[in-house]
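Take a look at the letters that make up each chain.
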Amino acid sequence: MAAEIHSRPQSNRPVLLNKIEGHQDVVNVAVLIPKEDGVITVSEDRTVRVWLKRDSGQYWPSIYHTLSSPCTSMAYHHDSRRIFVGQDSGAIVEFHMAEDFNRINFVKTYPAHQNRVSSVIFSLESEWVISTGHDKCISWMCTQSGSMVGRHYFSSWTSCLQYDFDTRYAFVGDYSGQITLLKLEQNTSTVVTALKGHEGSISSLFWEPAQRLLFSGASDHNIIMWDIGGRKGRTLLLQGHHDKVQGLCYLSLTRQLLSCSNDGGITVWNMDVHREEAPQWLESDSCQKCEQPFFWNLKQMWDTKTLGLRQHHCRKCGKAVCGKCSSKCSSYPVMGFEFQVRVCDDCYDTIKDEDCTPLATFHEGKHNIVHMHMDISRGLMVTCGTDRILKIWDMTPVVGCSLATGFTSR
């Protein structure tokens, strides 16, 4: 069922500790049980499983429970040992887990959605189970009565959710690429603002309440950091993946961002450095360097008797330029461009060698990652792949923390 790979790190890269196999379909969510050598998983094969590490070093299922519909999402509250499982049918099922992690008891079913549940969060303070689904809505239900408290509809499928427990603000990502900030209240909700910046569906969100930072990943391969608490509303673009960003985790003590993508990429971003906002792309009917017309500028093409050119944008200054005036490519990590991007010739001449020093490290998970969860206190991470395999990683070599003492500054 599971194989022990390595016991302790030997290099500055993630160390694969265990592989867990046994599910018959894709594992949509896996959660590391705090202070225990255990993992809770939910899968498209309709099962909820709890895996515990045995004396042999291998993980074996101590709980194997089958539901009536594929399991699509999950929330686990460790102090109360309550598990909330979202299903493809739109229902959310609550269980209570025994202290020895060998039994779960059914509590109740919540008719939260009319279609697939994409994300679930449980708030003990308000006794709400909050969820998003493919019926284009967010719902919050009372866990004491099982009744609906409120519901808000969107124009697109809702894909992911984060929640601020103190203020009752919800961040909802959808398939249009928009993130909506809602204030949830009894029987009603208020739209605070909409965050737009991605060109693809939102696939992952992470909220850091202390610094009031929201991180979003999308199918456009990009990550955006939204400074929700800042007066100027600063946003930082991070480009370091070649596929959809499937998981995010911000480590506040070391100021690092951990991200995973669908192609198996694992990236650790150094956020404890000065970073610059990427410029907004400027619009123009002609090249802002050589003034040659773009192909839709028919009047200037006729007046100058020249053919129109294709428009590009310099990633460093944002100006609209032609291909001849932007023939160079360069990385520029201070703006989040870890890979080579197009820059105009003038900006290329200003970029020094030290400006290209990477501000992120890149690692390979060696399976297509669909979900990631991290136990920050222990520096452990679990990834779920399309290969139906769970991988447990020791991330301490790359995130600067100690299994024994917790996080310390490097």
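Residues numbered from 1 in each chain as written. Predicted model: local features only at pLDDT ≥ 70, side-chain atom pairs only at ≥ 80, totals over all residues. Heavy atoms only, no water.

(A) Spotlight on the overall build of the protein. Of the regular secondary structure elements, the protein holds 3 helices and 35 strands. For the protein, the C-alpha radius of gyration of 23 Å lies close to 22 Å, the compact-globule estimate for 410 residues. Projected onto its principal axes, the C-alpha positions of the protein cover 80 × 55 × 40 Å. For the protein, the residues scored as buried account for 56% of the 410 residues in total. When contacts within the protein are restricted to residue pairs at least 6 apart in sequence, those whose partners lie at least 24 apart make up 46%. Charge separation in the protein, taken as the distance between the mean sites of 41 positive and 44 negative side-chain charges, equals 2 Å. (Helix = DSSP H or I, 4+ residues; strand = E, 2+ residues; numbered from the N terminus. Rg over C-alpha atoms; globule rule 2.2 N^0.38 Å. Buried < 20%, exposed > 50% of the residue type's maximum accessible area, 1.4 Å probe, protein only. Contact = heavy atoms within 4.5 Å. Lys, Arg positive; Asp, Glu negative; His and termini not counted. Charge placed at Lys NZ, Arg CZ, Asp CG, Glu CD.)

(B) Spotlight on the sheet that holds strand β5 (residues 47-53). Ordered by their spatial adjacency, 4 strands build an open sheet running β3-β4-β5-β6, and the pairing between neighbours is antiparallel. Of all strands in the sheet, those with a lone pairing partner are β3 (27-32) and β6 (59-66), marking the two edges. Taking the axes of each pair of neighbouring strands and ignoring which way they run, one obtains an average angle of 20° across the sheet. (Pairing = 2+ DSSP bridges. Axes fitted to C-alpha atoms, helices over the stretch in contact; angles between N-to-C directions.)

(C) Representation of the packing of aromatic side chains in the model. Tallied over the entire structure, the rule returns 10 aromatic pairs. Ring centres 5.2 Å apart and planes at 90° place the aromatic pair Tyr-163 and Phe-165 in the edge-to-face group. Aromatic pair Phe-294 and Trp-296: ring centres 5.3 Å apart, planes at 35°, arrangement tilted. Residue classification places Phe-294 among the buried positions, given a relative accessible area of 0%. Three or more aromatic residues link up through ring pairs in this structure, and these residues are Phe-84, Tyr-110 and Phe-122. Just above the ring of Trp-128 sits the side chain of Arg-168; from NZ or CZ to the centre is 4.5 Å. One cation-aromatic arrangement involves Lys-305 over Trp-302; the distance from NZ or CZ to the ring centre is 5.1 Å. (Phe/Tyr/Trp six-rings, centres within 6.5 Å; stacked < 30°, edge-to-face > 60°. Lys NZ or Arg CZ within 6 Å of the ring centre and 35° of its normal.)

(D) Fine view of the side chain of Asp-227. Inspection of the secondary structure puts Asp-227 in strand β21 (residues 222-227). Other than its neighbours up to four places away in sequence, Asp-227 contacts Gln-211, Arg-212, Leu-213, Gly-233 and Arg-234.

(E) The arrangement of the pairing of strand β28 (residues 328-332) in detail. Sheet topology places β28 next to strand β29 (residues 337-343); 4 bridges connect them, and they run antiparallel. Note on β29: the bridge partner recorded for Tyr-332 is Phe-337. Linkage of β28 to β29, two consecutive antiparallel strands, is achieved through a turn of 4 residues, within which Gly-336 is found at a positive phi near 95°.

(F) Highlighting the sheet that holds strand β24 (residues 256-261). With respect to topology, 4 strands assemble into an open sheet ordered β23-β24-β25-β30, the strand pairing being antiparallel. Each having just a single partner strand, β23 (245-251) and β30 (360-364) make up the two edges of the open sheet. Looking at each pair of strands side by side, their axes are set apart by 15° on average, direction ignored.

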